[in-house]
Amino acid sequence: MLSAVDPLETRLETRELRYFVAVAEELHFGRAAERLGMAQPPLSRAVQQLERRLGVCLLERNRRGVRLTGAGEVLLQEGRAALDAAAAAARRTRRAGGADRPGGPRDRLVLAVKAAASHELLRKLLAAYAVEPGCTEVEVLLCGMCEQEEMLRDGRADVALMHTPWNSLAGFDSEALMTEGQVALLPAGHPLAARKTLSLAEIRDVPDLPLARWPTHGTYAPGPGPEIHNQTQLAQLIALGRTVAVVPDSARSWLWAEHAAVPLTDAPSVVTHIAWPAHSRSLALACLVRTATRL
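In short, a report on the structure. (Residues numbered from 1 in each chain as written. Predicted model: local features only at pLDDT ≥ 70, side-chain atom pairs only at ≥ 80, totals over all residues. Heavy atoms only, no water.)

## Observations concerning the nonpolar core
The nonpolar side chains of a soluble globular protein tend to be buried, and buried together. Put simply, the rule is: By convention a nonpolar core is built from buried Ala, Val, Leu, Ile, Met, Phe, Trp, Tyr and Cys residues, the set being connected through side-chain atoms within 4.5 Å. Burial classification: accessible surface area is computed with a 1.4 Å probe over protein chains only, and a residue below 20% of its type maximum counts as buried, one above 50% as exposed, and the rest as partly exposed. Numbering of helices and strands runs from the N terminus, with a helix taken as a DSSP run of H or I at least four residues long and a strand as a DSSP run of E at least two residues long. The contact criterion used throughout is that any non-hydrogen atoms of two residues lie within 4.5 Å.
Residues Phe20, Val23, Phe29, Leu43 and Leu59 are the most contacted members of the largest nonpolar core, which totals 22 residues. If you list the elements that add at least two residues to this core, you get helix 1 (14–26), helix 2 (29–36), helix 3 (40–54), strand 2 (65–68) and helix 4 (70–97). It is helix 1 that provides the largest number of residues to this core, a total of seven residues. Those residues in contact with phenylalanine 29 that sit more than four places away from it in its chain are Val23, Gln40, Leu43, Ser44, Val47, Leu59, Arg61 and Val66. If you look at the next biggest cluster of nonpolar residues, it comprises 17 residues, including Val113, Leu125, Val138 and Val289.

Spelled out as structure tokens, the structure:
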């Protein structure tokens, strides 16, 4: 028969979660201590105390470093989420009270949007929301590729325009706003630019035009194509004849004269969603979502 567990014994503190996550990510107590700005012995003791209180082994230690146990893997994922939630609570509370921008308006909404994406939809949304009775100031936070999810989770944003299949909507409430096809973005002078349509297979193996590589959670897939950090870099490399990219059809709004967009017949559709934290009770945010779904 299992004995009852005292909830006070398994209560986790933000400090010890931060300590454990640093060790779990570095897989080395010395590097983790340096990252945290503390000495190694108290860090080791804190993690050992956490293991004793939870009653499980989180790390397997040896001379070369440490390795996560199954329980440690679980706490790493849960710990990251908990630390993000704590950071989000602090950021949104400060924003609601105007403490993050002294002298500025309170209760403003921060909307995360991938730079150069959904330009026309965003313009219409902001214009329609501005005349709603329940509106507030909307600060548009332009971000890099696939960064909207992280910004929503850690509180830097209150709401985001996200795009499947690239962005994950797990843990958020969302509404689909727009569905579009994809195009191959090529140098205007390339032979393929004269085609009416292309397939993904036809652009994957062009010897002189490797596919651009986008980051997913900060990691680039292997390949010969250039690593793309922002839209301006991508536009320049395509114009110079150094790469080809697969982008939503709405990207035509920022094309240069040196670019050509050719529809792809077999690329998956891109769906733009408005997404927000599932626990949100903001009336201003609810008004923004309603406005978006009416566009």
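And the narrative resumes.
## Digging into the pairing of strand 4 (residues 138–143)
For a regular strand, the rule is simple: side chains alternate between the two faces of the sheet. As a reminder, the rule being used: We call two strands paired when DSSP finds no fewer than two bridges between them. Here the term right-handed applies to a crossover when the path leading from its first strand over the helix to its second strand runs clockwise, the strands being oriented away from the viewer.
Across six bridges, the pairing between strand 3 (residues 109–114) and strand 4 is parallel. Bridge assignment links valine 113 to a residue of strand 4, and that residue is leucine 142. With respect to chirality, the unit in which strand 3 leads through helix 5 (residues 119–129) into the neighbouring parallel strand 4 is right-handed.

## Brief notes about the pairing of strand 1 (residues 59–62)
By the bridge criterion, four bridges tie strand 1 to strand 2 in an arrangement that is antiparallel. Among the inter-strand pairings, arginine 61 is bridged to a residue of strand 2, identified as valine 66. With antiparallel pairing between neighbouring strands as the criterion, strand 1 and strand 2 make up a hairpin whose turn holds two residues.

## Topic: helix 3
Formally: Expected span of a helix: the number of residues minus one, times 1.5 Å. To be clear, the arc concerns the directions from the helix axis to the C-beta atoms.
With 15 residues, helix 3 extends 21 Å from end C-alpha to end C-alpha; this agrees with the ideal 21 Å at 1.5 Å per step. Along helix 3, the positions that sit buried rather than exposed are Leu43, Ser44, Ala46, Val47, Leu50 and Glu51. Take helix 3 and look down its axis: the buried residues cluster within an arc of 160 degrees, on one side only. Exposed and oriented more than 90 degrees from the buried face of helix 3 are Arg45 and Arg52.

## Some words on the environment of valine 23
Inspection of the secondary structure assignment puts valine 23 in helix 1. Put simply, valine 23 and serine 118 are 95 residues apart on the chain and 39 Å apart in space, counted from C-alpha to C-alpha. Other than its neighbours up to four places away in sequence, valine 23 contacts His28, Phe29, Ala32, Leu43, Val47, Leu59 and Val66.

## Quick notes on the environment of alanine 116
Structurally, the position occupied by alanine 116 is in the loop between strand 3 and helix 5. Along the sequence, alanine 116 and methionine 178 sit 62 residues apart, while their C-alpha atoms lie 16 Å from each other. In this structure alanine 116 touches Gln231 and Trp254, once residues within four positions along its chain are discounted.

## So, the sheet that holds strand 11 (residues 259–263)
The condition is simple: Where helices are involved, their axes are fitted lines through C-alpha atoms of the stretch in contact, as for all axes, and angles between N-to-C directions lie from 0 to 180°.
Here we have three strands laid out as an open sheet, ordered 10-7-11, and antiparallel in their pairing. In this open sheet, the two strands that pair with only one neighbour each are strand 10 (245–248) and strand 11. Sheet twist, expressed as the average angle between the axes of neighbouring strands with direction ignored, equals 40 degrees. The pairing of strand 7 (residues 182–187) with strand 11 spans five bridges and is classified as antiparallel. Bridge pairing links leucine 185 to alanine 261 in strand 11.

## As for the pattern of salt bridges
Spelled out, the test is: Note on definitions: salt bridges are taken to be side-chain nitrogens of Lys or Arg within 4 Å of carboxyl oxygens of Asp or Glu.
Enumeration over the complete set of coordinates arrives at 18 salt bridges. For the salt bridge of glutamate 26 with arginine 31, the shortest nitrogen-to-oxygen distance reads 3.7 Å. On the basis of relative accessible area, arginine 31 is assigned to the partly exposed category, the value being 42%. Among the salt bridges present, the one from glutamate 149 reaches arginine 153, with a minimum N-O distance of 3.1 Å. Taken as a pair, glutamate 149 and arginine 153 lie in helix 6 (residues 148–153) at a separation of four residues, close to a single helical turn. Residue glutamate 149 is classed as buried on the basis of its relative accessible area, which comes to 11%. Residue arginine 153 is classed as partly exposed on the basis of its relative accessible area of 30%. One salt-bridge network, in which partners are shared between bridges, spans Glu25, Glu26, Arg31, Arg35 and Arg80.

## Side note on the packing of helix 1 against helix 3
Rules: Any angle that falls under 35 degrees is termed roughly parallel, while one over 145 is termed roughly antiparallel, one within 65 to 115 roughly perpendicular, and all others oblique.
Where helix 1 contacts helix 3, the axes come no closer than 10 Å and their chain directions differ by 110 degrees. One way to sum up the angle between helix 1 and helix 3 is to call them roughly perpendicular. Counted together, Glu16, Tyr19, Phe20 and Val23 of helix 1 and Leu43, Ala46, Val47, Leu50 and Arg53 of helix 3 form the full contact between these two elements.

## Description of the sheet that holds strand 6 (residues 172–180)
Strands belonging to one sheet form pairs held by backbone hydrogen bonds; the direction of such a pair is parallel or antiparallel. With mixed pairing, five strands are arranged side by side in an open sheet as 4-3-5-12-6. Of all strands in the sheet, those with a lone pairing partner are strand 4 and strand 6, marking the two edges. Mean inter-strand twist for the sheet, computed between neighbouring axes without regard to direction, equals 25 degrees. Packed onto the sheet, helix 9 (residues 283–294) meets strand 3, strand 5 (159–164), strand 6 and strand 12 (270–277) and runs at close to 165 degrees relative to strand 12.

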